[in-house]
Amino acid sequence: MAKFDITPYEHMAPAEVRQRIRAGEIDFPTAGMSQGYAQANLVILPKEYAADFEQFCKNNPFPCPVLEITRGTPMTVDMGDANLLTDIPKYFIYRYGKLAEVVTDATPFWEEGMTGFLLGCSFSFEEALMKAGIEVRHIAEGRNVPMFKTGIQTVPAGPFKGPMVCSMRPMTPEDAKKAYEITKAMPNVHGAPVHMGDPAAIGVKDVMNPEYGESVTIKEGEIPVFWPCGVTPQAAVENAAPPIAITHAPGHMFIVDVENCKLNDYLEEKKAR
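Scoring rules and cut-offs
- Residues numbered from 1 in each chain as written.
- Predicted model: local features only at pLDDT ≥ 70, side-chain atom pairs only at ≥ 80, totals over all residues.
- Heavy atoms only, no water.
- Helix = DSSP H or I, 4+ residues; strand = E, 2+ residues; numbered from the N terminus.
- Rg over C-alpha atoms; globule rule 2.2 N^0.38 Å.
- Contact = heavy atoms within 4.5 Å.
- Areas by Shrake-Rupley, 256 points an atom, 1.4 Å probe, with all protein chains shown as cover.
- Lys, Arg positive; Asp, Glu negative; His and termini not counted.
- Charge placed at Lys NZ, Arg CZ, Asp CG, Glu CD.
- Salt bridge = Lys/Arg side-chain N within 4 Å of Asp/Glu carboxyl O.
- Buried < 20%, exposed > 50% of the residue type's maximum accessible area, 1.4 Å probe, protein only.
- Core = buried A, V, L, I, M, F, W, Y, C linked by side-chain atoms within 4.5 Å.
- Phe/Tyr/Trp six-rings, centres within 6.5 Å; stacked < 30°, edge-to-face > 60°.

Caption draft 1: Spatial organisation of the overall build of the protein chain. The helix and strand tally for the protein chain stands at seven helices and 11 strands. A compact globule built from 273 residues should have a C-alpha radius of gyration of about 19 Å, and the protein chain, at 17 Å, falls within 12% of that. Expressed along its principal axes, the backbone C-alpha trace of the protein chain runs to roughly 50 × 40 × 40 Å. Residue pairs in contact within the protein chain that sit at least 24 positions apart in sequence constitute 77% of those at least 6 positions apart. In the structure as shown, the protein chain presents an accessible area of about 11200 Å², 51% of it carried by carbon and sulfur atoms. Counting 25 positive and 35 negative side-chain charges, the protein chain places the centres of these two groups 3 Å from one another.

Caption draft 2: Up close: the pattern of salt bridges. In the structure shown here, the tally under the stated rule is 16 salt bridges. In this structure, the salt-bridge partner of Glu135 is Arg137, at a minimum N-O distance of 2.4 Å. By relative accessible area, Glu135 is classed as partly exposed at 36%. In this structure, the salt-bridge partner of Lys262 is Glu259, at a minimum N-O distance of 3.0 Å. The exposure class of Lys262 is partly exposed, given its relative accessible area of 48%. Taken together, the shared-partner salt bridges in this structure form one network comprising Glu16, Arg20 and Glu25.

Caption draft 3: Examining helix 3 (residues 123-131) more closely. Buried residues of helix 3: Phe123, Ser124, Phe125, Glu126 and Leu129, and no others. Residues of helix 3 that are buried in the fold lie against strand 1 (37-45), helix 4 (137-140), strand 7 (163-171), helix 5 (173-183), strand 9 (223-228) and helix 7 (260-272). Directly after helix 3, the chain includes Gly133, whose backbone phi takes a positive value near 85 degrees.

Caption draft 4: Fine view of the environment of Pro243. Considering the arrangement of structural elements, one finds Pro243 in the loop between helix 6 (232-240) and strand 10 (245-248). For the pair Pro243 and Leu45, spaced 198 residues apart in sequence, the C-alpha separation works out to 9.1 Å. If near-sequence neighbours (up to four positions away) are discounted, Pro243 is found in contact with Tyr49, Tyr94, Arg95 and Tyr96.

Caption draft 5: Looking closely at the nonpolar core. In this structure, Met79, Leu118, Met171, Ile246, Phe254 and Leu263 are the most contacted members of the largest nonpolar core, which totals 35 residues. Elements with a minimum of two residues in this core: strand 1, strand 3 (91-95), helix 3, helix 5, strand 9, strand 11 (254-259) and helix 7. No other element matches strand 1, which puts four residues into this core. Residues within four places of Met79 in sequence aside, it is in contact with Arg18, Leu67, Glu68, Leu118, Phe254, Val256, Asp257, Val258, Leu263, Tyr266 and Leu267. Val43, Cys64, Phe117 and Val237 belong to the second largest nonpolar core, which has 19 residues in total.

Caption draft 6: Local environment of the packing of aromatic side chains. Tallying each qualifying case throughout the model produces nine aromatic pairs. Arranged with centres 6.2 Å apart and planes meeting at 50 degrees, the rings of Tyr9 and Phe28 form a pair that is tilted. Of this pair, Tyr9 sits in the segment before helix 1 (14-22) while Phe28 sits in the loop between helix 1 and strand 1; the two residues are 19 residues apart in sequence, bridging distant segments of the chain. For Phe28, a relative accessible area of 14% translates into the label buried. Relative to Phe160, the ring of Phe53 lies with its centre 5.3 Å away and its plane at 70 degrees, an arrangement referred to as edge-to-face. You can see Phe53 sitting in helix 2 (residues 47-59) and its partner Phe160 sitting in the loop between strand 6 (147-153) and strand 7, a full 107 residues away along the chain. Both residues of the pair, Phe53 and Phe160, belong to the buried class.

Here it is as structure tokens:
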């Protein structure tokens with residue numbers, strides 16, 4: 001398994017990290033980078049699929065919490081002055097629901113009129129967990145977070161449907177309870193866990209063999225804790241099968257200019273405008 005050194009980027013400003021990504025210096029997972037700042041998942045779709053996907057997000061607000069929508073441009077405004085096509089370390093390119101390419105620059109795949117969606121990411125609540133003294137195992141081990149397709153089904157919208165993808169962090173039962181209380185207050189970055197304990201209860205057959213990311217150590221006395229994950233839309237894209245879709249590669253996120261502690265208030269103010 002790969003091990004990534006994020007130490008040089010832990011306290012770097014989001015704009016500087018995005019510049020390093022754009023320059024090709026960073027092509028690995030972003031967990032733990034720009035500590036204090038939120039991170040986001042990405043989905044870019046042809047305009048004829050945008051309305052259904054926006055409804056899919058409304059139907060499934062915990063795995064798909066919308067932070068910003070860009071229409072007809074890859075340039076962001078609310079989450080930072082950035083380009084969705086160059087400022088993420090790695091992208092998945094889907095064609096008709098099948099993963100076709102993995103790239104570090106998605107510019108060649110942009111089509112006129114496309115709509116981009118930035119969705120809240122669980123990396124954003126990890127800072128709060130660590131401040132509470134809860135170890136985040138994939139950061140401690142320098143790995144990508146393990147993510148699983150579960151038996152929990154999303155609420156469909158148009159052609160978008162499929163299983164909820166969940167990220168997993170092993171913890172003691174005591175830490176799991178603390179983590180539940182911390183994250184339930186953070187709905188824009190997936191909120192509380194959907195399950196704690198036996199993976200089979202949510203359809204995960206092998207907790208050491210994730211569909212996305214990498215496995216991490218589960219120590220004696222610990223339980224797996226599962227949160228809704230922003231990779232859920234990728235499973236929905238597989239079912240919707242648009243001619244093209246651009247997403248982040250799991251674990252390779254867009255780092256935004258809004259601090260975690262201010263994200264909820266920022267989005268509420270944005271709604272009120």
